[in-house]
Amino acid sequence: MTDTNTNMRLKLPITCFILEIILIILFGVLVEYDKETDAKKWHHSNHSEYDNDFYYRYPSFQDVHVMIFIGFGFLMTFLQRYGFSSVGFNFLIAALALQWATLMQGFFHGVHGGKIHVGVESMINADFCTGSVLISFGAVLGKTSPVQLLVMAVFEVTLFAVNEFILLSLLGTRDAGGSMTIHTFGAYFGLMVARVLYRPGLDKSKHKNSSVYHSDMFAMIGTLYLWMFWPSFNSAITAHGDDQHRTALNTYYSLAACTLSTYAMSAFTAHDGKLDMVHIQNAALAGGVAAGTAGEMMLTPFGSMIVGFLAGIISVLGYKYLSPILESKLKIQDTCGVHNLHGMPGVMGAIVGAVTASLATKEIYGDGLEDVFPMVAAKGRSASSQGGIQAISLAVTLGMALVGGLLVGFIMKLPIYGAPSDASCFEDSIYWEVPGDEEGHAGQLSTVKTEEVAKPEETEKLN
Amino acid sequence: MTDTNTNMRLKLPITCFILEIILIILFGVLVEYDKETDAKKWHHSNHSEYDNDFYYRYPSFQDVHVMIFIGFGFLMTFLQRYGFSSVGFNFLIAALALQWATLMQGFFHGVHGGKIHVGVESMINADFCTGSVLISFGAVLGKTSPVQLLVMAVFEVTLFAVNEFILLSLLGTRDAGGSMTIHTFGAYFGLMVARVLYRPGLDKSKHKNSSVYHSDMFAMIGTLYLWMFWPSFNSAITAHGDDQHRTALNTYYSLAACTLSTYAMSAFTAHDGKLDMVHIQNAALAGGVAAGTAGEMMLTPFGSMIVGFLAGIISVLGYKYLSPILESKLKIQDTCGVHNLHGMPGVMGAIVGAVTASLATKEIYGDGLEDVFPMVAAKGRSASSQGGIQAISLAVTLGMALVGGLLVGFIMKLPIYGAPSDASCFEDSIYWEVPGDEEGHAGQLSTVKTEEVAKPEETEKLN
Amino acid sequence: MTDTNTNMRLKLPITCFILEIILIILFGVLVEYDKETDAKKWHHSNHSEYDNDFYYRYPSFQDVHVMIFIGFGFLMTFLQRYGFSSVGFNFLIAALALQWATLMQGFFHGVHGGKIHVGVESMINADFCTGSVLISFGAVLGKTSPVQLLVMAVFEVTLFAVNEFILLSLLGTRDAGGSMTIHTFGAYFGLMVARVLYRPGLDKSKHKNSSVYHSDMFAMIGTLYLWMFWPSFNSAITAHGDDQHRTALNTYYSLAACTLSTYAMSAFTAHDGKLDMVHIQNAALAGGVAAGTAGEMMLTPFGSMIVGFLAGIISVLGYKYLSPILESKLKIQDTCGVHNLHGMPGVMGAIVGAVTASLATKEIYGDGLEDVFPMVAAKGRSASSQGGIQAISLAVTLGMALVGGLLVGFIMKLPIYGAPSDASCFEDSIYWEVPGDEEGHAGQLSTVKTEEVAKPEETEKLN
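An unreviewed UniProt entry lists chain A under the name Rh family B glycoprotein, with Haplochromis burtoni as the source organism. Check the Sequence similarities (unreviewed entry) section of the UniProt entry for chain A; it says "Belongs to the ammonium transporter (TC 2.A.49) family. Rh subfamily."

Here's what the structure looks like:
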């Protein structure tokens, strides 16, 4: 791929324009306001303004929105020379994905009289689907062109919607916070794409595949926003009332416990006992992923804390011991370690959800059973069947993600998207006008500055 | 202006103290709690706690608040050596402007028994007015003293309130998200101030009028918060229910489409196809500006996306081709390019609003017509008249902004505010104690460090 | 303490694991969902979903959450070489403290049938208590090991809960925003700990106890989030309706006025009139602290502005003149100047609250008196008595904080926690894997880089 032309002057505009124009046309034909956003329909019926779902869900939506654009975007800025691309490509593909997701999810979740209805719930769902794409982005970070990423987004959103439809609509699976639909799917899809795009010569850019002091600080902005707003993420589309409330609470405790075990494991697995920013930035979030399915259930704070505690341990161990093996043995170069943050904790969350579902009783949930397990409440399904369905859903998701990632990986491997050469991976200046690093000189410095200006060490040698 | 004394030891404290003491006295005389914030009045009538407007609007207010202080503040930190001033002066003038705006808007929007009533709606409106001042700040960024900016804020807030009164109260114009009142007004006011304060010798500090790598990363924080929360901005003061819901939704789609066209145009207008951070940081937001007037109307997601799509294109073209002309031909040195982000998209938003208003029918809006176009619903005005009024409002706003900016520009040009010399523009150390840049040395380094310490290049030459 | 082993390989994991396992066990035994988060209990009674307290308080909770993790965390990143620890240890001890606080506060605030009930209100209260610990952290920043901080957190949370119980439950004190319970307590507790941990040889690391340009920018993120969300902080647990609304409004005005006086005093107290980032980052927040007690009362916008105005002045004067005296005379090395941001403004807020309470009448508050001063409304207590109780509460808080800090300081002084030597204070690399600072070299550079790589100045000398 080294001799591919990385000039984006035509490739990127053509891709963006075609995709956006298709989107606009499809929105024109297919999309209309739902009854809560339409002036006529809303005023047609008699209700309080407060019944509008906007007031139940918009604050949660905004928290999710921050997670998608600031959280994911800045989490990936840890690379020393890839901050523009991390936050900038995250921005671009998220803006595309949320539009495409609105159509795909709308299509699968139910078309009303030939029309897809949109409102705050569709906005949240679209952001959720986008999150899945951004997880996959994390696996291939630094090694792909923006056009490649847009192509990935289009296909991944589509497959996400299919998988989500199978789980939520066909199987009646419960997965409010998306341990399966979002995290497991996004992670294993991305890992399979990374496998197909394996670069044997990636060590040519190895020295850029690491952080510097300030880039780690920027990444912590992403981490903390994800951490703080994860309770909103998991509860954003659960039922009104106790369900949203309980889900937020469970997630809050899971994350707190996860943070303690992450710090413990990070120090413990280092021979000099020093904390590793990679663990803190990522593994401390695993508690949110692992509470994605069971968060809305009667998991109890106690159960939530156990889940988070274990998720942090698993995640740090993954970063420390499993990631190197994935790269050397399975040829999966997982830049952000999404397998450790989203993959394993997602699977764990699915299992926790299956177990918790299988233990659901009318005794515990009372009349609230209908909100959490409508098919169990309707007597059509036993709790243990629901648990079984949850487990099957995990298998379906893994299958969809792996096969989908494999196929889409091959599509992305076509040498037409302007992917970077091995030596220019993890480098903003391939796709961005990059200013200099030092004050008082940027005016004269071009983007080739890093090559031209002698570094202190080199200055020494010159003398 | 080069020999003006930039020492702020007396100028700034005197200005701040006088202004704040005047504000406190006026608040003491004129301001009281509205019926939703007053313990006695609220409990006097019989209603649910939920009817308190706090619950409808406070989450939106906080999003707007973040846009004002983090969004605008960090968006302007792109300059390599002006971060303290960008975020710090933004903070100062916003804190002043929101207090002054409360009085001015309260005075014009209606005094109740000799008193101005305050609550969450006045807080949002004050933040909106503040936003307008911050837009103008963007045009003169790096070339003004904090005292000059405080003077600008006092006059601009006053004129903003007059213009807003003419539009919203006298003409019955609809402009919930402020395409006209906030963006068009703020941009053209600022551009005219920049024209009056034109500095022929500004190229003396040209090398500092650009970004460095980390400053561009900080600026992206501002961009993303503005982008994410713009749906809250446009919907913050629309009517309860479907109106807030629809406005947020329209803005969300407009911004998403705008992001795609911004990336496309940024790559397309660069000979090497590389993305320009200036475009991404700014033009991607034009979709929010352009949906400011029509966002609350039945614009449809389809219409919103077209608006955003075009706004992104116009904005990038403005940065690329129009800004250099404005500087060379019209002598307008627009530091942040507010003409491209707020000026043209604001005008576009006003036109879109006029067209959309002229197409409003009872058929489309149903009983919701009264919320969006009360004067049309009351049969006193036809939809096409409303459209005409909207167009006239744009002209009024442009006139007020240009004449106001001209006058205030001359007031700001008086050589008494401690403005920086041409050579010391875009430089924090004129007004701030600035620490060093390198670790382990800050203790010894004074603010003159940048001059004293040899740069690597110079070290080479020395040898 | 210089020869203490700072290796955290066993100390930190053992501490974290033991604490978290104890927490999990206690949560399992003692904690259950309250009636608003429990599926069965919520659905048992007949009410609208909107009555769930989640919708009244969750947006405020999230704002408070951001203040705790981003606000406090980034505010402390101003140190040039302590950003990982500032934001990272803030994260760790907050995650612990909020769990422990849930138990301690639940225990003191009332156990229901042997169980502690949790929901959004307990989440807010736990975050509040955590804030107090983070204030104390500010006093000892840079001079403590993470294990020491965890130990401090455990004891401080416990004492916080006792003090809070005495004030709110036994004395019937009003302190919604925590001028006393959170700020005064946290500050004087931390100052006393700092006194006990006094390091005569701290000037060995003096050159690292200062900021660099970018670290001050990161700190401004913390400042602004604290500033913007302080209205949510003070109003988070006030009564529904006008109370939450009024508290947010009062705090908003107090902060705005405080910002003006802070800038004025910062310039005025510098001989060259230059603004000092330390003042802007900290003193501009004093208005929020000082409105903590009286914010929910009928303080009026006028009164709020006076309070904020004075708080800013006092705080800047404290940084400029009092902090050096505290260090030289009282041997209190207060890294972040918490005495100026939380200590004095907290005391001021308590006094303002006592005065405002003593002026409360049925005439002013109407039926709202019951929400703000239930004991006065119930005729069991006169307004002046309430004012007296408020004043006594300040004395109690100061006593608890000073004695508590003294005792806990001695516990923290035990040479078993791996505290840094005097020369290695304010230095991340003691406890963290720290990457290099320059791009393109991080791969080869170890954490000792700062010593190895010649600085430009040294390069000059070499030649």
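Residues and elements named next belong to chain A. All told, the structure shown has 27 salt bridges over all chains when counted by the stated rule. As a salt-bridge pair, Glu 32 and Lys 41 come within 3.5 Å of each other at their nearest N and O atoms. Between Arg 246 and Asp 242 there is a salt bridge, and its shortest N-O distance comes to 2.9 Å. You can see Arg 246 and its partner Asp 242 sitting in helix H9 (residues 242–268), four residues apart, about one turn around the helix. You'll find Arg 246 and Asp 242 in the same group, each marked buried. Each member of the salt-bridge network shares a partner with another, and the members are Asp 242, Asp 243 and Arg 246.

With that out of the way, let us pick up helix H1 (residues 11–30) of chain B. The end-to-end C-alpha separation of H1 of chain B is 28 Å, in line with the 28 Å expected for 20 residues at 1.5 Å each. Residues of H1 of chain B that are buried in the fold lie against strand E1 (31–33), helix H4 (83–109) and helix H6 (146–171) of chain B together with helix H9 (242–268) and helix H12 (300–328) of chain C.

Bringing the interface of chain B and chain A into the picture now. In this complex, chain B contributes 84 residues to the contact, which on the side of chain A involves 87 residues. Between chain B and chain A the total buried area reaches about 7500 Å² when both faces are included, carbon and sulfur atoms providing 70% of it. Interface area lost by chain B to chain A is led by Tyr 213, His 245 and Tyr 252 of chain B, which between them contribute 11%. Across the contact surface, chain B and chain A share one salt bridge. Taken together, the links from chain B to chain A amount to 31 residue pairs in polar contact (both at pLDDT 80 or more).

Residues annotated by UniProt as "domain: Ammonium transporter AmtB-like" (unreviewed entry) correspond here to residues 44–416 of chain A. Segment residues 44–416 of chain A splits into 73% helix and 1% strand. End C-alpha atoms: 52 Å apart.

Turning chain B through 120° and shifting it by 0.0 Å along the axis lays it on chain A, with an RMSD of 0.0 Å. Taken together, the rotation and translation describe the operation of a three-fold axis. A low fraction, 15%, of the interface residues of chain B reappear at the interface in chain A, so the copies pair through non-equivalent surfaces.

Here the focus is the relation of the copies chain C and chain B. Note on the identical chains: chain C maps onto chain B by a rotation of 120° and an axial translation of 0.0 Å, with an RMSD of 0.0 Å. Here only 16% of the interface residues in chain C have copies in chain B that are interface residues too; the copies meet through unlike faces.

Bringing the interface of chain C and chain B into the picture now. If you look at the interface, chain C gives 83 residues, while chain B gives 87 residues. The junction of chain C with chain B conceals about 7500 Å² of combined surface from both sides, 69% of it contributed by carbon and sulfur atoms. When the area that chain C buries against chain B is broken down by residue, the three leading residues are Tyr 213, His 245 and Tyr 252 of chain C, summing to 11%. Where chain C packs against chain B, one counts one salt bridge. A salt bridge links Glu 363 of chain C to Lys 40 of chain B; its shortest N-O distance comes to 3.6 Å. At the boundary of chain C with chain B, the tally comes to 31 residue pairs in polar contact (both at pLDDT 80 or more). Those elements that provide at least two residues to the side of chain C that touches chain B are helix H3 (53–75), helix H8 (213–235), H9, helix H10 (277–282), H12, helix H14 (362–365) and helix H19 (456–462) of chain C. Per element, the largest residue contribution to the side of chain C that touches chain B is 20 residues, and it comes from H9 of chain C. For the side of chain C that touches chain B, a count of residues per class yields 45 nonpolar, 22 polar and 16 charged.

The next point concerns a nonpolar patch on the surface. On the surface, Leu 10, Ile 14, Ile 18 and Ile 22 of chain A together with Phe 268 of chain B cluster together into a nonpolar patch covering about 460 Å² of accessible area. You can see Leu 10 of chain A is positioned in the segment before helix H1 (11–30).

This paragraph deals with the packing of aromatic side chains. Scanning all chains against the criterion turns up 93 aromatic pairs over all chains. Residues Phe 17 of chain B and Phe 309 of chain C carry aromatic rings whose centres are separated by 5.5 Å and whose planes lie at 80° to one another, so their mutual orientation is edge-to-face. Of this pair, Phe 17 of chain B sits in helix H1 while Phe 309 of chain C sits in helix H12, on two different chains. With a centroid separation of 5.4 Å and 75° between ring planes, the pair formed by Phe 107 of chain B and Phe 108 of chain B is classed as edge-to-face.

Between its first and last C-alpha, H9 of chain A extends 39 Å over 27 residues, near the 39 Å set by a 1.5 Å rise per residue. For H9 of chain A, the tally of buried residues reaches 26 of 27 residues, placing the bulk of the element in the interior.

Residue and element names in this part refer to chain B. At a closest axis distance of 9 Å, the pairing of H4 and H6 adopts a crossing angle of 30°. It follows from the interaxial angle that H4 and H6 lie roughly parallel. When you trace H4 past H6, the crossing you get is right-handed. Facing Phe 89, Leu 92, Ile 93, Leu 96, Ala 97, Trp 100, Ala 101, Met 104, Gln 105, Phe 108 and His 109 of H4, the residues of H6 in contact are Pro 146, Leu 149, Leu 150, Ala 153, Val 154, Val 157, Thr 158, Phe 160, Ala 161, Val 162, Glu 164 and Phe 165. Classifying every residue of the contact of H4 with H6 by side-chain character gives 19 nonpolar, three polar and one charged.

Relative to the helices and strands, Gln 105 of chain B is located in helix H4. From its side chain, Gln 105 of chain B meets the backbone nitrogen of Ala 126 of chain B in a polar contact 3.2 Å long.

Take Leu 23 of chain B: it is sitting in helix H1. As for Leu 23 of chain B and Phe 410 of chain B, which are separated by 387 residues in sequence, their C-alpha atoms are 25 Å apart.

We now examine unusual backbone geometry. Although it is not a glycine, Lys 331 of chain B sits at a positive phi angle of roughly 55°. Following the sequence through the fold, Lys 331 of chain B ends up in the loop between helix H12 (300–328) and helix H13 (338–358). If you check the backbone angles, Lys 379 of chain C has positive phi at about 70° while not being a glycine. With respect to the secondary-structure elements, Lys 379 of chain C resides in the loop between helix H16 (374–377) and helix H17 (383–413). A relative accessible area of 72% means that Lys 379 of chain C is categorised as exposed.

What follows deals with the side chain of Glu 164 of chain C. Residue and element names in this part refer to chain C. Among the structural elements, Glu 164 can be located in helix H6 (residues 146–171). Here Glu 164 occupies a buried position and makes no salt bridge, while the nearest side chain of opposite charge, Arg 174, is found at 12 Å. The residues contacting Glu 164, other than those within four sequence positions of it, are Gln 105, His 109, Asn 125, Ser 169 and Thr 181.

Residue and element names in this part refer to chain B. Where H1 contacts H6, the two axes come as close as 9 Å, and the packing angle between them is 25°. Between H1 and H6, the interaxial angle falls into the category roughly parallel. Seen along the crossing, H1 lies across H6 with a hand that is left-handed. From H1, Lys 11, Leu 12, Thr 15, Cys 16 and Leu 19 reach across to H6, where they touch Pro 146, Val 147, Leu 150 and Val 154. When its residues are assigned to classes, the contact of H1 with H6 shows seven nonpolar, one polar and one charged.

Calculation notes
- Residues numbered from 1 in each chain as written.
- Chains lettered and ligands numbered in written order.
- Predicted model: local features only at pLDDT ≥ 70, side-chain atom pairs only at ≥ 80, totals over all residues.
- Heavy atoms only, no water.
- UniProt positions renumbered as here; feature names shortened; annotations may be inferred.
- Salt bridge = Lys/Arg side-chain N within 4 Å of Asp/Glu carboxyl O.
- Helix = DSSP H or I, 4+ residues; strand = E, 2+ residues; numbered from the N terminus.
- Buried < 20%, exposed > 50% of the residue type's maximum accessible area, 1.4 Å probe, protein only.
- Expected span 1.5 Å × (residues − 1).
- Contact = heavy atoms within 4.5 Å.
- Buried area = accessible area lost by both parts, 1.4 Å probe.
- Polar contact = N/O pair within 3.5 Å; in protein donor to acceptor, adjacent residues only side chain to side chain.
- Least-squares fit on C-alpha atoms with pLDDT ≥ 70 in both.
- Nonpolar A, V, L, I, M, F, W, Y, C, P; charged D, E, K, R; others polar.
- Patch = residues over 30% accessible without salt bridge, like charges linked within 9 Å, V, L, I, M, F, W, Y side chains within 5 Å.
- Areas by Shrake-Rupley, 256 points an atom, 1.4 Å probe, with all protein chains shown as cover.
- Phe/Tyr/Trp six-rings, centres within 6.5 Å; stacked < 30°, edge-to-face > 60°.
- Axes fitted to C-alpha atoms, helices over the stretch in contact; angles between N-to-C directions.
- Parallel < 35°, antiparallel > 145°, perpendicular 65-115°, else oblique.
- Left-handed = near helix turned anticlockwise from the far one by under 90°.
- Lys, Arg positive; Asp, Glu negative; His and termini not counted.

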